[in-house]
Amino acid sequence: MTQHKAFEQPIYVTRPLLPNLSEIHVKLEEVWQSQWLTNIGKQHKQLEKRTTEVLKVPYLSLFNNGTIGLITACQSLRLQGEVITTPFTFAATPHVLMWNNIKPIFCDIDPITMNIDADKIESMITPQTTGILPVHVFGTPCDVEKIQEVADRYGLKIVYDAAHAFGVEINGVGIGNFGDISMMSFHATKLFHTVEGGALTYRDKHLKDRIDLLKNFGIKGQEEVVMPGINGKMNEIQAAIGLVVLNYIEEERRKRAILIDTYRRCLMDVEGISFLSDIAGVKSNSQYFVMRISEKIFGRSRNYVYDEFMKYNVFTRKYFYPLCSEYTCYRHLPSSSMVNLPVAHKVVQEVLSMPLYGELTVNEVEKICDILKSFQ
Ligand SMILES: Cc1ncc(COP(=O)(O)O)c(C=O)c1O
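As annotated in an unreviewed UniProt entry, the protein carries the name dTDP-4-amino-4,6-dideoxygalactose transaminase and is attributed to Pelosinus propionicus DSM 13327. Regarding the protein, the relevant UniProt record gives this comment under Sequence similarities (unreviewed entry): "Belongs to the DegT/DnrJ/EryC1 family."

In structure tokens, the structure reads:
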């Protein structure tokens, strides 16, 4: 067995995309000159226009973060009662339902895509169900057609948590066009970011007024407040940074795609390691490289691999372990029971998110893969 040396510097799962500081300075100069720091200024308007174009959606509203955007999406569609979602996601997904006084109902996931299993949604519907909140996990699109078909049959709304899916397209259609509303996160760890931030995308032009009012306390005019809104506004500094970052994402995506190819090439013959291939018709955003480790076949568990990697200064992540249905605040729900979620319980023991960011080199990825093979 080859003995590998640990990396001298820690290799984390990701690195934020940081444009040249001088370009940020130029943008900040503009903000300073304008003396307008928040409340839908020039930078906000520009970023809203540009992200609408990049995402190929008819309407878009920027937010100060994705979570507030998702809370507002549920408010704008007046969701209540129960909403069906996935347990294999980040904490924010079920939490936004709770913040809307809605009961999350966990549905099992697809064993391949790890997204909500569209064939199982119908069995989770009750007279209290008002909507479905699927997640395009790691940017892999959900079965949008089947989900729409179930929603139409039962008169349910669909809000997609597209936090990971900036720039993903299905047959040339921006991912933000599916369902009633989609939420993208612009958090620093995402491919496109505004440090913190997010957006809602939708096709119904009547939603634009309502969402934009809701994100600004429901303030319609200087002397008129028409609904109980929240402070969801993206400020000018966030928007200015976003306008610069936007110029770099295509290059970043290309670099990550090369690294993903490298992971796939180095790992394709390793028994017990699996990963998703490209999906026909889907333009990926190459944001993550996530693999699955079958303990039975690989001979080592995901937890073993995660712990051993740290000895080599490689910091992977067990996204999304534990399942949301295992959190103390959701464990008591009937839909959280293990018998309802057998696939999610298996998948969550196998997944490992591997380091991926544009500044990582092909050599480093090859070494990471060699280290992994040495664990067998
Ligand atoms: C699946 C998912 N949903 C929601 C969020 C929340 O987005 P934000 O951090 O922008 O509030 C995140 C992540 O950060 C996420 O990964």
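Participant: Tell me about the overall build of the protein, and name the residues and values.
Facilitator: Each helix and strand counted, the protein has 13 helices and 15 strands in total. The C-alpha radius of gyration computed for the protein amounts to 21 Å, which stays within 12% of the reference 21 Å derived for 376 residues, consistent with globular compactness. Its C-alpha atoms give the protein principal-axis dimensions of about 75 × 55 × 40 Å. Split into buried and exposed, the 376 residues of the protein put 55% on the buried side. Restricting the contact set of the protein to residue pairs at least 6 apart, pairs at least 24 apart contribute 71%. Carbon together with sulfur atoms contributes 53% to the accessible area of the protein, which is approximately 17,300 Å² in total.

Participant: Please provide a residue-by-residue account of the site of the ligand, values included.
Facilitator: Taken together, 16 residues lie around the ligand, and T67, D161, H164, S185 and K190 are the ones closest in. The contact in question runs from an oxygen atom of the ligand to an N or O atom on the backbone of G66, over 2.9 Å. Contact between the ligand and H164: an oxygen atom at 2.8 Å from a side-chain N or O atom of the residue. Computed on the free molecule, the ligand has an accessible area of 380 Å², of which 92% lies beneath the protein chains in the complex. More than half of the atoms belonging to the ligand lie within 2 Å of the grid points that define the largest pocket. Looking at the shell around the ligand, the elements with two or more residues in it are α3 (66-76), α4 (92-98) and β8 (181-185). Of the residues belonging to the shell around the ligand, the class tally is five nonpolar, nine polar and two charged.

Reading the values: rules and limits
- Residues numbered from 1 in each chain as written.
- Predicted model: local features only at pLDDT ≥ 70, side-chain atom pairs only at ≥ 80, totals over all residues.
- Heavy atoms only, no water.
- UniProt positions renumbered as here; feature names shortened; annotations may be inferred.
- Helix = DSSP H or I, 4+ residues; strand = E, 2+ residues; numbered from the N terminus.
- Rg over C-alpha atoms; globule rule 2.2 N^0.38 Å.
- Buried < 20%, exposed > 50% of the residue type's maximum accessible area, 1.4 Å probe, protein only.
- Contact = heavy atoms within 4.5 Å.
- Areas by Shrake-Rupley, 256 points an atom, 1.4 Å probe, with all protein chains shown as cover.
- Near = heavy atom within 4 Å.
- Polar contact = N/O pair within 3.5 Å; in protein donor to acceptor, adjacent residues only side chain to side chain.
- 1 Å grid on protein atoms, 1.4 Å probe; cavity = no way out; pocket = protein on both sides within 12 Å on 5 of 7 lines; lining within 4 Å.
- Sits in = over half its atoms within 2 Å of the grid points.
- Nonpolar A, V, L, I, M, F, W, Y, C, P; charged D, E, K, R; others polar.

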